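What follows is each chain in one-letter form.
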Amino acid sequence: MLAGGLLSGVMYALVALGFVLIYKASGVFNFAQGSMVFFAALTFVSLTERGWNLWLALAVTLAAMVVLGMLTERIVLRPLINQPPITLLMATIGLTFVLEGLSQLAFGSQPHGLELGVPDVPLQWLSDKWNISVSQFDLFAAAVAGLLVAVLAVLFQKTRVGRALRAVADDHQAALAVGIPLQHIWTIVWAVAGGVALVAGLMWGVRNGVQYALTFTALKALPVLILGGFESIAGAIVGGLIIGASEKLAEVYIGPMVGGGIESWFAYVIALLFLLVRPEGLFGERHIDRV
Amino acid sequence: MLYREAGQFKSTYAQDQQIFPIAQDRVAFFALMAVAFVVVPLVGNQYWLGAILTPFLVLSLAALGLNILTGYAGQLSLGTAAFMAVGAFMAYNAMLRIPHLPILGAFAIGGLCAAAVGVVFGLPSLRIKGLYLAVATLACQFFVLWLINRVGWFSNHSSSGVITAQEIVILGYPVKHAMGKYLLTLAVVVVMALAAKNLMRSETGRAFMAVRDMDVAAAVIGIPMMRTKLLAFAISSFYCGVAGALYAFCYLGTVEPEAFVLDLSFRVLFMIIIGGVGSILGSFLGAAFITLFPIFLSVTSKAVEQAFNIELSGAVVSNVEAIIFGGLIIFFLIVEPLGLARLWQISKEKLRLWPFPH
Amino acid sequence: MKGDVILSVEGVSLAFGGVKALQGVSFDVKEGEVRAIIGPNGAGKSSMLNVINGVYHPQQGKIRFKDKAFADMNSHEAAALGIARTFQNIALFRGMTVLDNIMTGRNLKMRCGFLQQALWLGPARREELEHRRAVEEIIDFLEIQHIRRTPVGRLPYGLQKRVELGRALAAEPALLLLDEPMAGMNLEEKQDMCRFVLEVNDHYGTTLVLIEHDMGVVMDISDRVVVLDYGRKIADDVPEKIRGNQQVIDAYLGVTH
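(A) The overall build of chain C, seen in detail. Scanning chain C from terminus to terminus reveals 10 helices and 10 strands. Against the 2.2 N^0.38 benchmark of 18 Å for 257 residues, chain C shows a C-alpha radius of gyration of 19 Å, consistent with a compact globule. Judged by the C-alpha coordinates and their principal axes, chain C covers about 65 × 40 × 35 Å. The burial tally for chain C puts 44% of its 257 residues in the buried class.

(B) Fine view of the overall build of chain B. For chain B, the count of helices and strands is 13 helices and four strands. In terms of C-alpha radius of gyration, chain B reaches 21 Å, essentially the compact-globule figure of 21 Å for 358 residues. With the C-alpha coordinates of chain B rotated into their principal frame, the extents come out at 65 × 65 × 45 Å. For chain B, buried positions account for 49% of its 358 residues. Long-range pairs, those at least 24 residues apart, make up 76% of the contacts in chain B between residues at least 6 apart in sequence.

(C) Region of interest: the interface of chain A and chain B. Across the boundary between the two partners, chain A contributes 39 residues, which contact 32 residues of chain B. When contributions to the side of chain A that touches chain B are tallied by element, the ones reaching two or more residues are α4 (85-107), α10 (214-228) and α13 (266-277) of chain A. Sort the elements by how many residues they give to the side of chain A that touches chain B and α4 of chain A lands first, with 17 residues. Considered class by class, the residues forming the side of chain A that touches chain B number 28 nonpolar, nine polar and two charged.

(D) Highlighting the interface of chain C and chain B. Between chain C and chain B, the contact holds 30 residues from the first and 25 residues from the second. Broken down by secondary-structure element, the contributors of at least two residues to the side of chain C that touches chain B are α2 (75-81), α3 (98-104), α4 (114-119) and α5 (123-141) of chain C. With five residues, the top contributor of residues to the side of chain C that touches chain B is α5 of chain C. The residue makeup of the side of chain C that touches chain B, split by class, is 16 nonpolar, eight polar and six charged.

(E) Representation of the environment of Y253 of chain A. All names here are of chain A. Of note, Y253 is situated in helix α11 (residues 233-253). Taking the number of C-beta atoms within 10 Å as the measure of exposure, Y253 has 11 and is therefore exposed. Through-space distance from the C-alpha of Y253 to that of E73 is 45 Å; in sequence the pair is 180 residues apart.

(F) Local environment of the sheet that holds strand β4 (residues 60-65) of chain C. All names here are of chain C. The strand order β2-β1-β4-β5 describes an open sheet built from four strands, whose pairing is antiparallel. Looking at strand neighbours, the two that pair on one side only are β2 (19-30) and β5 (68-70), the edges of this open sheet. On average, each strand axis in the sheet is inclined to that of its neighbour by 20 degrees, with strand direction left out of account. As defined by bridge partners, β4 adjoins β5 across three bridges and the pair is classed as antiparallel.

(G) View of unusual backbone geometry. All names here are of chain C. For E143, which is not glycine, the phi torsion reads 55 degrees and is therefore positive. Structurally, the position occupied by E143 is in the loop between α5 and α6 (157-170). Not every positive phi belongs to a glycine, and E180 is a case in point at roughly 50 degrees. E180 gets classed as buried once you count the C-beta atoms within 10 Å, which come to 20.

(H) Here's a closer look at the environment of I170 of chain B. Relative to the helices and strands, I170 of chain B is located in strand β2 (residues 168-170). In this view, I170 of chain B contacts I103 and V175 of chain B; residues no more than four positions away in its chain are not counted.

(I) Looking closely at the sheet that holds strand β9 (residues 224-229) of chain C. Residues and elements named next belong to chain C. Overall, mixed pairing links the six strands, which are arranged β6-β7-β8-β3-β9-β10 in an open sheet. A single partner strand is all that each edge strand has here, and the edge strands are β6 (83-85) and β10 (232-237). Recorded for the sheet is a direction-independent mean angle of 20 degrees between the axes of neighbouring strands. Relative to strand β8 (residues 207-211), strand β7 (residues 175-179) is paired through five bridges, and the arrangement is parallel. Within β8, the position partnered with L176 by the bridge is L208. Helix α1 (residues 45-52) rests against β3 (34-38), β6, β7, β8 and β9 of the sheet, and its axis sits at about 150 degrees to β7.

(J) Expanded view of the pairing of strand β1 (residues 5-16) of chain C. Residue and element names in this part refer to chain C. In terms of strand pairing, β1 meets β2 through eight bridges, oriented antiparallel. Across the sheet, residue F16 finds its bridge partner in β2, namely V19. Connecting β1 to the antiparallel partner β2 that follows it, the hairpin turn spans two residues, and G17 within it adopts a positive phi of roughly 60 degrees. One ladder, built from five bridges, connects β1 with β4; its direction is antiparallel. What sits directly across from V9, in β4, is I63.

(K) Quick look at the domain arrangement of chain C. Residues and elements named next belong to chain C. Looking at chain C, the domain boundaries give domain 1 (1-82 + 174-257) and domain 2 (92-172). Contacts between domain 1 and domain 2 engage nine residues on the former and nine residues on the latter. Of all elements in the fold, only α2 and α7 (187-204) reach the threshold of two or more residues within the side of domain 1 that touches domain 2. Considering every element that reaches the side of domain 1 that touches domain 2, the biggest residue donor is α7, with three residues. Grouping the constituent residues of the side of domain 1 that touches domain 2 by class yields seven nonpolar, one polar and one charged.

(L) Broad picture of the packing of helix α10 (residues 262-275) of chain B against helix α12 (residues 314-335) of chain B. Residues and elements named next belong to chain B. One can describe the packing of α10 onto α12 by two numbers: an axis separation of 9 Å at closest approach and a directional angle of 40 degrees. Compared by their axis directions, α10 and α12 come out oblique. The handedness of the crossing between α10 and α12 is left-handed. Mapping the contact onto sequence places F270, I273 and I274 in α10 and F325, L328, I329 and F332 in α12. The residue inventory of the contact of α10 with α12, partitioned by class, reads seven nonpolar, no polar and no charged.

(M) Fine view of helix α2 (residues 23-43) of chain B. Residue and element names in this part refer to chain B. Look at α2: 28 Å from first C-alpha to last across 21 residues, which is about the 30 Å you get at 1.5 Å a residue. Its maximal kink placed at V35, α2 deviates by approximately 35 degrees. Buried residues are scarce in α2, accounting for zero of its 21 residues.

(N) Geometry of the environment of G18 of chain C. Residue and element names in this part refer to chain C. Mapped onto the fold, G18 is located in the loop between β1 and β2. For G18, a count of 5 C-beta atoms within 10 Å puts it in the exposed group. Separated by 15 residues in sequence, G18 and E33 have C-alpha atoms that sit 35 Å apart.

(O) Molecular detail of the packing of α4 of chain A against α12 of chain B. Between α4 of chain A and α12 of chain B, the least distance of the axes is 8 Å, while the angle of their chain directions is 160 degrees. Our classification of the angle between α4 of chain A and α12 of chain B gives roughly antiparallel. Helix-helix and strand crossings are classified by hand; for α4 of chain A and α12 of chain B the assignment is left-handed. In terms of residue class, the contact of α4 of chain A with α12 of chain B is built from 17 nonpolar, eight polar and one charged.

Quick notes on the rules
Each chain carries its own residue numbering, running from 1 in the written order of its sequence. The lettering of chains begins at A and the numbering of ligands begins at 1, in the order of writing. Confidence filtering applies because this is a predicted model: local features only for residues at pLDDT of at least 70, side-chain atom pairs given and counted only at 80 or more, and all residues used for totals across whole chains, interfaces and linings. Put simply, DSSP marks the helices as runs of H or I at least four residues long and the strands as runs of E at least two long, and each gets a number from the N terminus on. Here the globule rule is a power law, 2.2 Å times the number of residues to the power 0.38, and the radius of gyration is based on C-alpha atoms. To sort residues by exposure, count the other C-beta atoms lying within 10 Å of each residue's C-beta; 20 or more gives buried, 12 or fewer gives exposed, and values between give partly exposed, all with C-beta atoms placed from the backbone. We call two residues in contact whenever the C-beta atoms placed from their backbones are within 7 Å. Throughout this entry, Asp, Glu, Lys and Arg are counted as charged residues, while Ala, Val, Leu, Ile, Met, Phe, Trp, Tyr, Cys and Pro are counted as nonpolar. The remaining residues, Gly among them, count as polar. Note: two strands are recorded as paired if DSSP finds a minimum of 2 bridges between them. Only the stretch in contact is used when fitting a helix axis, every axis being a line fitted to C-alpha atoms; angles between N-to-C directions are given from 0 to 180 degrees. As used throughout, domain bounds are those supplied by an automatic or database domain assignment. Angle categories are assigned with fixed cut-offs, so that under 35 degrees is roughly parallel, over 145 is roughly antiparallel, 65 to 115 is roughly perpendicular, and the rest are oblique. By definition, any crossing whose near helix is turned counterclockwise from its far helix by less than a right angle is left-handed, and any crossing with a clockwise turn is right-handed. One fewer than the residue count of a helix, multiplied by 1.5 Å, yields its expected span. Note on bend: at a given residue it equals the angle between the axes fitted to the 7 residues ending there and to the 7 starting there.

What follows is the structure in structure tokens.
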């Protein structure tokens, strides 16, 4: 049970990673991350269902996400430079609706199953030996997530681009003033976030099928971010694991007492309690209001 | 030329403080009220009254509630639909369990219960702001809906969770038809909108806006943080609760908890973004836009279907709707963040000068 | 009574983590006087004002205002006692008009509840108009009638400072704290501001404590001056004596001592 929770936590973390990337690099909370996940997964699945080769479909979808990133930067972000964060947030809410409509308009709205070549089947020896039900796919997902995190961490900490991204997140105008090409940076970030969304979308797609409800899973990323801090990659992972695990455990242990269905709100209430005690999350930084 | 302030002098502060300081505006407002209360019921048909104007009014009230909280007081809320649900279900229960309760009393009880819920879920606003607060309201949205679904008492233990709003009887006359429901809704909404306008131009409104603009400074000049924020939640939720009750009694008839999902909260948020945050008029303009737009779209799609001899499925139309909504949000945020209300203000200012250029 | 001590700062020490903003600062302010706090940047002047009106709480020491002693008064209580202030970086409410901003200064004097306000007719209306009258007097005094309906965010810096002064005055304070009221102003604006400040002191008898960098202004308008450097008080006297004080000169020139 715990293992199942932890592994769904990995899934949450993957989605949360996309949020963290964009927030870390542009100070924007990208409400549309969920619909980006949906769009990526849907594009991929529609291509493979038409008989396209897996790797080709992957490449094309990735390219589509990059184009999406560029368009978003051009049409949505550039005109709104230096607006207060709440305006940008609302713009991403608008973007969510555009993406959802576009995805379903282009590819239809039936759910699709997704196959990636790794079967979603419990590992025999684990369930025999320790009575844990962990599927091969779960391990694959965890491995992919780990790899992604490592790559991103290196990107942010070690490279010049990473440093520029952190500067941009802090202060748009100041970053412009020191000559950081804001537009290029944002395009890169959104494209990378699009790539992360693709990975997340594929993982979720195999587990739950590619359907509209995927966008709501993204909303679950919010509690993950609150626990982990909006700016920490490690936090996204840890937060995801905690939320995933506690959600499952709550459903199993508390659920029967109150009629079930706790999963719809439990994560949010946990986040709420966390906010009251430690608003900056486990890994975040305190913000002090000065007058 | 017609819309001129020349010659309209204010010699007392009382005159300056009016809601409509310009005489032409006053005339226009009373004319609008006359049309709304008298002409429309006489001329309007069942469809327009029941399916367009009544929900427009109800959603305007909800948008007004959200505007008070998010537009004036700056506390972002995604729980509007949950507050409406509380209002609807509690008004139903009040009518069910309290004999001889007048309908307005039921609405008030619905509103007060919603206000109580609002205060509870508004408590986090004392410590957290912005996006974090939005998450707290999301918790409210999901939790409240789950509670209403799970706890049978709310739906009088109906197996499906669906309730049927009772018949409205005012002073012995049953209000059954679209016209009566429209007039009741109109009356409630007009009174509450006036109250809201009065509140927002008084100290309460100023305190809300101070908290929105710079809460640290507001505290320093003596504005009580806790009281102000919780009052914002309470009043806003009251409005949303009454809107929910009206939604159930005057529009939907049979109500299920699914009518109040997150999607509705987003719709109301869109209304205030497009209509204008921090503006009473904006709430109405936004609600009108979002209510009328799908109709406009379906009329257009039918025209397109006929013109090009093609079939457009419902899914296509609703997806196009979503795309256009999203696009409009982005458009308004870029071009006119203060929404339709500001555009209205600007056109009035241009009208003052017309036909002169400056 | 004019001349009595109205505010007394006693041994106040304030630290943020490892940074010692104030160390054992003591001075008093007499009713009706104009007291300046000066010192090089980072001396702790703004922190001192923040302690006086309850935004920061000192780790040690007390503030005594009108016979009440505090170590941990909060800013709301300070406002209620009659302490008002302006801020270095202008803390006006940008979304509201000048008139509304100044009206918020009257909030502690408003008695009507929100239900009465929703009704408007009757007590709420009367109260609103009465306070409007008081605020209009301040608007006349500060000569900002022409911008009363302008949203504050659109005003130039100098006018914003004047509006902020208006908001502080609206509270009819006993003690007014001004944090660099002349900062960023040209000569004419400074003269206007000086005139207003002196009028406030003369006409309303308000006690003023101000932080100011312009030495000319300080010497001209203040009765007594406190000099801070690195969080400590290094001088406390009338302006003429401060001008020649070697320690003060050293502090400003950056000579270590």
